[in-house]
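# Analysis of the macromolecular model
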Amino acid sequence: MIQLRKISKSFRHLSVLKDLNLSFEEAGISAILGPNGSGKTTMIKCLLGMVLPDQGDILINEQNISRQWAYRDQISYLPQIARFPENLSVGELIRMLRSLRNRPSQEDTLIRIFGLESFMDKKLGHLSGGTRQKVNLVQAFMYDNPILILDEPTAGLDPVAVLKLKDLLNKEREKGKIILITTHLIPFVEEMADEIVFLMDGKIHFRGSPSHLIRQYETEKLETAIAQMLEKQKIVSVDVSPQVNGQSRLTPVMTS
Amino acid sequence: MKAYLFTIILIINFSQSQAANWQVCAECSCSQLSEAIEAASPGDTLTVDSGLYQEGRIIIGKSLVLRGNNYPRIDGKGESEVITITADHVSLVGFQIQNVGHSYLEDRAGIRVQKAKHFIIQNNRLINTFFGIYLEHAQYGLISHNFIEGQAIEEMSSGNAIHLWYSKHVEITDNEISGHRDGIYFEFVDNSQVRRNKSHHNLRYGLHFMFSNDDEYHQNIFRENGAGVAVMFSKKIRLTENQFIENWGRAAYGLLLKEIYDADIIDNHFEHNTLGIHVEGCSRILYKANTFLYNGWAMRVAGGCSKNEIKGNNFIDNTFDLSMNSQVGDNYFDGNYWSDYASYDLDRDGIGDVPHNPVKLFSYVVNQSPEAIMLLRSTFVDLLNFSEKVSPVFSPPGLEDQQPHIKPFSQNFKTYADDSASQDF
Amino acid sequence: MKNILRYSFFDLIRSRWTIIYGGFYLILTFALIWLSGDLLKVITSLMNITLMLVPLIALLFSSMYYYHSRDFVELLLAQPLKRTHIFIGQYWGIAISLSVSLIVGLGLPFLIFGVLGTSVLYHFFTLIGVNLMLTFIFVGLGFAGALRYENRIKGFGLGILIWLFFAVIYDGIVLLGLVVFRDYPLDHFALGASIFNPIDLSRILILLKLDISALMGYTGAVFQKFLGSTTGIIIAIAVLMLWVVFPIGRIRFLALRKDF
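Residues numbered from 1 in each chain as written. Chains lettered and ligands numbered in written order. Predicted model: local features only at pLDDT ≥ 70, side-chain atom pairs only at ≥ 80, totals over all residues. Heavy atoms only, no water.

### A few points about the pairing of strand β26 (residues 253–266) of chain B
Residue and element names in this part refer to chain B. Quick note on the threshold: By this definition, two strands are paired if DSSP reports at least two bridges between them. To qualify as a helix, a DSSP run of H or I must reach at least 4 residues; to qualify as a strand, a run of E must reach at least 2; elements of each kind are numbered from the N terminus.
Pairing between strand β24 (residues 228–240) and β26: 10 bridges, direction parallel. Paired with I237 across the strands is A263, a residue of β26. Bridging between β26 and strand β28 (residues 275–280) involves five bridges; their strand directions are parallel. Each residue of the ladder has a partner; that of Y253, found in β28, is L275. Note that β26 and strand β29 (residues 283–288) share five bridges and pair parallel. Counterpart to D264 in the pairing with β29 is L286.

Dropping the structure here:
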């Protein structure tokens, strides 16, 4: 369970997150969307303790994470740009990351899934972008953690690998995990996401299922809906109060 | 040569007077040295067996030959002088003279020669004598192969190993001297020679001489003396093939030259001294074929120097080769080897095509503020020296070696460093 | 921390730059020994080169490494690790890998030419020891500088500025002071000034063994008494240690407060 309470963050004079309240309590895939500079990355980095909020508290499994580090054992993270130490081999990288947590992991299965067996002794600096992203996926999925945070997971992947990724995500969802994904690939969101969290100017602009968004904008496709939302951005805001069980997870609120 | 000459003269004298031989030992009829001297006639020989003779104030007032067998020990018991020679033609050979004891009031000595001529002091050991051998108004003497070891701790309460005052024609050779205030001390000593002595670990100077003219110093080794060697207020001297080694300290010199006129300093070796040669007020001096190796300053010229020639010397790996406090005057540097010289010899005649300026800007700075030495070899100082070399501002004009040698000159004698293993210092 | 250290070390020790760095010293030292044959002279020449180069390379190399591993650090930050462990671990990784290059590059030729058992051994150890300290000091300063400035132009600029200051400007200021105030007793000022610049202190520690005659002659009284004594050497080493500790503290401080 993730709770962000009144989180504010500004870099120098640029205010990125403004009094953000947000929580992820139920299992499922949440797509964090928003235009560039909307605060997606900052929010994720706050969760991981990379960015220290100016104000507010973040609770993960009821524990305040401020200046803590052990909680990150509960989180699997896939960073956006998969640039690894060039002179280490794939195997060494995996071993090194495994040595940091020192508990059972399933990298072997993942290596097989992504067909990386022959790359284990290759240096990371010599790999193509797509292969590096596969390595990235291996390290992100190798632990059985209740929280997954994936930053642009499809970047550089070939269609086959994307399929395998979707498979993996479905399995993880079934295990009851909270999965946060940022991506620009709207079809991927449409297919995979249980809900969309749309950030703009450091605030939540919309939160709800993809189908709800489509319905709200009376279009056929999610892409069009999002485009329309961006155009009419002043109109809609979202109440993030505890969600009601069942089908109506969303409570869009009209602001005057 | 002179030693043999003296001996021959003595032998002739003795043979003329039908010399007697006296034996001195504990069981002999003469058990005391002074008794035997009393009894003997001029020209006699006294043979002294080994043993301890606790006698001080022995005065040799006759022409006698005193010979020790296996170093009989004549002990002053720390109270008095031991032997005083007042007569001409005295030989003192093979004794150990010990424990004179220091005094602040009088210059006590192990062996004193007073207004005597034609003496030989040879092959003696002087241990813990305040002054070792003390000559006053002495002439035509030989002091050779003596071993003189003192235990000087501070300058005020220590004496000199070989001390000459108002003497002439004395030859000092092959002695080994240590642990005194000055190793060899000359004041008003003319026409004398100092050869092949080793003077080391003395508190002040290994060799100290003043107001002494027409003297020669050859093949001596002066090592690790408190202040090195000082030569002052003298004329017409020759120093050749001496070694000045490891004299360290704020005021330590391999060789200090002050107010010297008409001297030759040739073929000497200066190694690991704070200052190789410090020159002050000296004129008409020829420095030739000397080697300066690993010194702080090879030469420092303080002022009032003129008509000096510095030719054909080796300046190798000194921190500073030269420092000049004054105007260059008419002193010439010519045809030396400088290990710092970094230029070319296109015509391959062994002489660099560009003149060498041996004074670095930094050495000038260090003269002004000595503490700046802490920046020695720093990048900043290197830049400073480089910029000075490229466009000289401080370098006194005319101070250039017009014919710097490309290769070092070979030295024509063995240095201490070469055969240190064979010398038991 | 050990994990991070190990990974940084193995990453770096195989990097082209570390190998070039070590190879440069190796060739340089071999060439110098070959040309002069006098190990003591080689040490003097090496001193002149290393006292310039070691701090500069340490500064630039550590900044470069920081910026280069910036993305991977994000992954590390997401792991259950203390922030300080990540950065201090990387610091040791860089410092140790540069040290290994240095030891191999300088040490191997000396070993091959038989430094062991000669009187130069002590000078050799001083040279190596001092350069290792400089490596640890300036890797720290460079890394802290890079951590401070996300903009790599600023980070590298700071590194070069630090180097210029310690290698050149500092000495210029000290020399100016010594010349301007030459009528006052400056022994202690000179001693103090030299102790607080690690490059100066390193140079003097080596020079005390090499150009001992010149140094003893002049400020000798103070320098030799101080740095020639066991207490002095201990204080000198302690000061160098402080210079290592200071940037590490700075890295800790910045690491705990920085947003990534």
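### Section: the interface of chain A and chain C
The criterion, for reference: Whether two residues are in contact is decided by their heavy atoms: any pair within 4.5 Å suffices. By buried area we mean the combined loss of accessible area, with a 1.4 Å probe, across both parts when two parts are placed together. Put simply, a salt bridge is a Lys or Arg side-chain nitrogen that is within 4 Å of an Asp or Glu carboxyl oxygen. For this analysis, a polar contact is any N or O atom pair within 3.5 Å, provided that within protein one partner can donate a hydrogen and the other can accept it, and provided that sequence-adjacent residues contribute only side-chain to side-chain pairs. Think of it as three bins: nonpolar holds Ala, Val, Leu, Ile, Met, Phe, Trp, Tyr, Cys and Pro, charged holds Asp, Glu, Lys and Arg, and polar takes everything else, Gly as well.
Contacts between chain A and chain C engage 31 residues on the former and 25 residues on the latter. Of the roughly 2700 Å² buried between chain A and chain C on both sides combined, carbon and sulfur atoms contribute 54%. Among the residues chain A hides against chain C, the three largest losses belong to M50, R83 and L100 of chain A. Together they make up 22% of the total. Our count for the chain A to chain C interface comes out at three salt bridges. The interface formed by chain A and chain C contains 16 residue pairs in polar contact (both at pLDDT 80 or more). Counting residues per element, the ones that place at least two in the side of chain A that touches chain C are β1 (2–11), α1 (40–48) and α2 (90–101) of chain A. Sort the elements by how many residues they give to the side of chain A that touches chain C and α2 of chain A lands first, with seven residues. Taken together, the residues of the side of chain A that touches chain C sort by class into 17 nonpolar, four polar and 10 charged.

### Quick word on the pairing of strand β6 (residues 75–78) of chain A
Residues and elements named next belong to chain A. Basically, it comes down to this: When a residue's accessible area, from a 1.4 Å probe over protein chains only, is under 20% of the maximum for its type it is buried; when over 50% it is exposed; and in between it is partly exposed.
Of the two faces of β6, both are covered, the one formed by I75 and Y77 as well as the one formed by S76 and L78. Note that β6 and strand β7 (residues 147–151) share four bridges and pair parallel. Paired with S76 across the two strands is L148, which belongs to β7.

### Side note on the packing of aromatic side chains
Any two aromatic rings considered together are summarised by their centre-to-centre distance and by the angle between their planes. Put simply, the rule is: Any two of the Phe, Tyr and Trp rings considered here, Trp counted by its six-membered ring, make a pair once their centres fall within 6.5 Å; the pair's planes then place it as stacked at under 30 degrees, edge-to-face at over 60, or tilted in between.
Summed over the entire model, instances satisfying the criterion amount to 39 aromatic pairs over all chains. Centroid distance Y66 of chain C to F143 of chain C: 5.7 Å. Interplanar angle 85°. Geometry classified as edge-to-face. One end of the pair, Y66 of chain C, is in helix α3 (residues 39–68); the other, F143 of chain C, is in helix α6 (residues 121–148), and 77 residues separate them in sequence. Note on F166 of chain C and W243 of chain C: the rings are 5.3 Å apart at their centroids and 90° apart in plane angle, and the pair reads as edge-to-face. Taken as a pair, F166 of chain C in helix α7 (residues 152–180) and W243 of chain C in helix α12 (residues 230–257) lie far apart in primary sequence, 77 residues in all. Given a relative accessible area of 10%, F166 of chain C falls into the buried group. An aromatic cluster is built from F222, F244, F270, F292, F315, F333 and W338 of chain B, whose rings are joined through pairwise contacts.

### Structural notes on the packing of helix α1 (residues 2–13) of chain C against helix α5 (residues 83–112) of chain C
All names here are of chain C. As a reminder, the rule being used: Axis definition: a line fitted to C-alpha atoms, over the contacting stretch in the case of helices. Angles run 0 to 180 degrees between N-to-C directions. Should the near helix be turned anticlockwise from the far one by less than a right angle, the crossing is termed left-handed; should it be turned clockwise, right-handed.
Axis separation between α1 and α5 bottoms out at 7 Å; the angle between their running directions is 40°. When the axes of α1 and α5 are compared, the crossing they make is right-handed. Touching I4, L5, Y7, S8, F9, L12 and I13 of α1 are H85, I86, G89, Q90, W92, G93, I94, I96, S97 and V100, all from α5. A per-class count over the contact of α1 with α5 returns 11 nonpolar, six polar and no charged.

### Some thoughts on unusual backbone geometry
Residue and element names in this part refer to chain B. Phi angles above zero are rare outside glycine, and K236 is one such case at about 50°. Checked against the element boundaries, K236 lands in strand β24. Phi is positive for R348, close to 55°, though the residue is something other than glycine. Mapped onto the fold, R348 is located in the loop between β36 (337–338) and α3 (361–368).

### What about the side chain of S167 of chain B?
Residue and element names in this part refer to chain B. As for its placement among the helices and strands, S167 is situated in strand β16 (residues 162–173). Overall, the relative accessible area of 1% leaves S167 in the buried class. The contact partners of S167, leaving out residues within four places of it in the chain, are L135, E136, H137, A138, F188, V189 and D190.

### Comments concerning a nonpolar patch on the surface
Residues and elements named next belong to chain C. Our working rule: Only residues whose relative accessible area exceeds 30% and that take part in no salt bridge are eligible for patches, with like-charged residues grouped when within 9 Å of each other and nonpolar side chains (Val, Leu, Ile, Met, Phe, Trp, Tyr) grouped when within 5 Å. Only the protein chains shown count as cover for residues, with accessible areas throughout obtained via the Shrake-Rupley method and a probe of 1.4 Å.
A cluster of nonpolar side chains, contributed by W34, L35, V100, V104, L108, I112 and F113, occupies part of the molecular surface with about 730 Å² of accessible area. For the nonpolar patch, the secondary-structure elements that each account for two or more residues are α2 (16–36) and α5. Among the elements that line the nonpolar patch, the one with the most residues is α5, at four residues. Here V104 shows up in helix α5. Judged by its relative accessible area of 42%, V104 falls in the partly exposed class.

### Some points on the arrangement of the chains
Here two pairs of chains make contact, and the pair sharing the most contacts is chains B and C. For chain A and chain B, which are not in contact, the least C-alpha distance works out to 36 Å.

### Digging into the sheet that holds strand β5 (residues 63–64) of chain A
All names here are of chain A. Taking strand neighbours across the sheet as the criterion, the four strands line up as β2-β1-β4-β5 in an open arrangement whose pairing is antiparallel. Edge positions in the open sheet fall to β2 (14–24) and β5, since each of these has one partner strand only. Both β1 and β2 contribute to a ladder of seven bridges, which runs antiparallel. Bridging across to β2, I2 finds its partner in F24. Across the face of the sheet, α1 comes into contact with β1, β2 and β4 (55–60) while running at roughly 60° to β2.

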